[in-house]
Amino acid sequence: MHSEFDLIARYFTPATPDPESGVVMGVGDDCALLAPTPGRRLAVSVDTSVCGVHFPPDAPPEAVGHRALAVSLSDLAAMGARARWCFMSLSLDESEDAWLEGFSRGFLTLCEATGTRLAGGDITRGELAIGVTVMGEVAPEAAMTRGGGRPGDLVAVTGALGGGAGGLAAWQAGERDPVHPLLQRYLTPRPRLAAGEALAGLATAAVDISDGLLADLGHILEHSGGGAHLEPETLPLAEGLVAALGEEGARQAALTGGDDYELLVCLPAEELDEARRRLAALELPLTVVGRLTRAPGVSGVPAAQRTGWQHFRGAPPGGTS
Ligand SMILES: Nc1ncnc2c1ncn2[C@@H]1O[C@H](COP(=O)(O)OP(=O)(O)OP(=O)(O)O)[C@@H](O)[C@H]1O
Ligand SMILES: Cc1ncc(C[n+]2csc(CCOP(=O)(O)O)c2C)c(N)n1
Ligand SMILES: [Mg+2]
């Protein structure tokens, strides 16, 4: 049995100090001391991943670590920010070496890949849950908010949709092949950080798709005003999704499944070619799925399909009521 101090030293202390990281004081003191770049805005977001709610209890520990960071970084991507630092609070029922070894590897490998420095955190005993705060930087005029969309703007999405829900369904059906494309989409989503930075300055508004395209488009409409017309037949569907869920199921997963961590952006039609050119350099498609309208509400999809993930709808996980 390790103390939490042993766990921090063993798994969560970066091996090498990096003067470029802007971490003046990192893991080990009461607070981290960070040196933000002068003239940049700090973009800050926190997300909690709870066992049984956000990932299955038997998910591979590498995936749990990767995913907990990825979903937070996805919010930085949606803002057009460059990731710099993260803080991780871990509530853990047992300090099992094999699990912690995999978890920290998944987490720190994504840190490395995205230039994010783990600058602090907290460990406590309790049910398995991970809270990750991310901090990034963005030029003041470049931040993509939810409120800048204008009637006539195109509504477009990066990558492909429905893989999060399709992967969860595959996991629940017993699929365990680590290279299964839908499972990968669900267990190890890739935050679209480079795409977010590339689209900042072109997009009028952006959000990442965590709760489902319709729900997250709803957030843009709340902040920007107006409505949207969607063309569901244009939705880019994740690889293997139609084979797994059928045509109708695949479209529903893309509209409302959530867990996709793609970016939904609004942009004037004249910026589309440039936006696509920038994303092509990242080998990422940008697909137009509709337009913003002056009239409020969403048209083009039946009202019955307009749901999305909500934590407090229905029975609690494992509950009976
Ligand atoms: N407990 C809280 N206290 C203060 N603000 C909160 C709290 N929970 C959420 N918020 C704020 O509400 C807004 C929406 O939060 P939400 O978690 O729904 O973000 P999201 O990006 O839509 O979803 P996701 O959690 O998938 O990233 C954010 O500005 C967030 O900071
Ligand atoms: C085991 C398991 N069951 C269901 C889901 C689906 N799910 C949970 S939370 C969420 C929205 C994003 O979370 P948040 O709004 O908290 O950021 C979605 C789509 C899952 N990921 N794992
Ligand atoms: Mg978000």
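Residues numbered from 1 in each chain as written. Chains lettered and ligands numbered in written order. Predicted model: local features only at pLDDT ≥ 70, side-chain atom pairs only at ≥ 80, totals over all residues. Heavy atoms only, no water.

An unreviewed UniProt entry lists the protein chain under the name Thiamine-monophosphate kinase, with Halomonas alimentaria as the source organism. Per UniProt, the comment on the protein chain under Pathway (unreviewed entry) is "Cofactor biosynthesis; thiamine diphosphate biosynthesis; thiamine diphosphate from thiamine phosphate: step 1/1." (UniProt positions renumbered as here; feature names shortened; annotations may be inferred.)

Chemist: I'd like to hear about a negative patch on the surface, residue by residue, with values.
Modeler: A contiguous patch of negative charge on the surface is contributed by D93, E94, E96 and E127. In this fold, E94 is placed in the loop between strand 4 (82-92) and helix 3 (97-114). (Patch = residues over 30% accessible without salt bridge, like charges linked within 9 Å, V, L, I, M, F, W, Y side chains within 5 Å. Areas by Shrake-Rupley, 256 points an atom, 1.4 Å probe, with all protein chains shown as cover. Salt bridge = Lys/Arg side-chain N within 4 Å of Asp/Glu carboxyl O. Lys, Arg positive; Asp, Glu negative; His and termini not counted. Charge placed at Lys NZ, Arg CZ, Asp CG, Glu CD. Helix = DSSP H or I, 4+ residues; strand = E, 2+ residues; numbered from the N terminus.)

Chemist: I'd like a rundown of the UniProt feature "binding site: ATP" (unreviewed entry) in the protein chain, residues and numbers included.
Modeler: Here, UniProt's "binding site: ATP" (unreviewed entry) annotation points to G121, D122, R146 and S210. Across 90 residues of sequence, these annotated residues are also dispersed in space, with a maximum C-alpha separation of 31.1 Å. Counting through the fold element by element, G121 comes out in strand 5 (residues 117-125). Exposure remark for G121: the relative accessible area of 59% places this residue in the exposed category. For G121, the contacting residues outside a window of four places in its chain are F87 and M88. Secondary-structure assignment places D122 in strand 5. The partly exposed category is assigned to D122, whose relative accessible area is 45%. (Buried < 20%, exposed > 50% of the residue type's maximum accessible area, 1.4 Å probe, protein only. Contact = heavy atoms within 4.5 Å.)

Chemist: Before we move on, can you summarise the pairing of strand 8 (residues 205-208) with the specific residues and values?
Modeler: Every second residue of strand 8 is oriented toward a common face, with A205 and V207 on one face and A206 and D208 on the other, all of them buried. As paired strands, strand 8 and strand 10 (residues 263-267) are joined by four bridges and run antiparallel to one another. When the sheet's bridge partners are listed, A205 is paired in strand 10 with C266. (Pairing = 2+ DSSP bridges.)

Chemist: Talk me through the coordination of the magnesium ion (ligand 3); I want residue IDs and the actual numbers.
Modeler: Donor atoms from the polypeptide that bind the magnesium ion (ligand 3) are D75 (OD) and D208 (OD), placed at 2.0 to 2.1 Å. Remark: D208 occurs in strand 8 and D75 occurs in helix 2 (residues 61-79); sequence separation between them is 133 residues. (Donors = N, O, S within 2.8 Å, 3.2 Å for Na, K, Ca; no water.)

Chemist: Which residues make up the sheet that holds strand 7 (residues 154-158), and what values do they have?
Modeler: Two strands in a sheet stick together by hydrogen bonds in their backbones, pointing the same way (parallel) or opposite ways (antiparallel). Strand order in the open sheet formed by six strands is 8-10-7-11-9-12, with mixed pairing between adjacent strands. Edge positions in the sheet fall to strand 8 and strand 12 (297-299), since each of these pairs with one other strand and no more. Along the sheet, successive strands turn relative to each other by an average axial angle of 25°, direction set aside. Taken strand by strand, helix 2 contacts strand 8 and strand 10, and its axis lies near 175° from that of strand 8. Against the sheet, helix 9 (residues 272-280) makes contact with strand 7, strand 10 and strand 11 (286-293), and its axis sits at roughly 150° relative to strand 11, the strand it touches most. (Axes fitted to C-alpha atoms, helices over the stretch in contact; angles between N-to-C directions.)

Chemist: Pulling in residues and values, what's your account of helix 9?
Modeler: The complete set of buried residues in helix 9 reads L272, A275 and L279. Taken down its axis, helix 9 places every buried residue within 65° of arc, on the same side. Of the exposed residues in helix 9, those oriented more than 90 degrees away from the buried face are D273 and R277. Those residues of helix 9 hidden inside the fold are in contact with strand 7, helix 6 (193-199), strand 10 and strand 11. (Arc of directions from axis to C-beta.)

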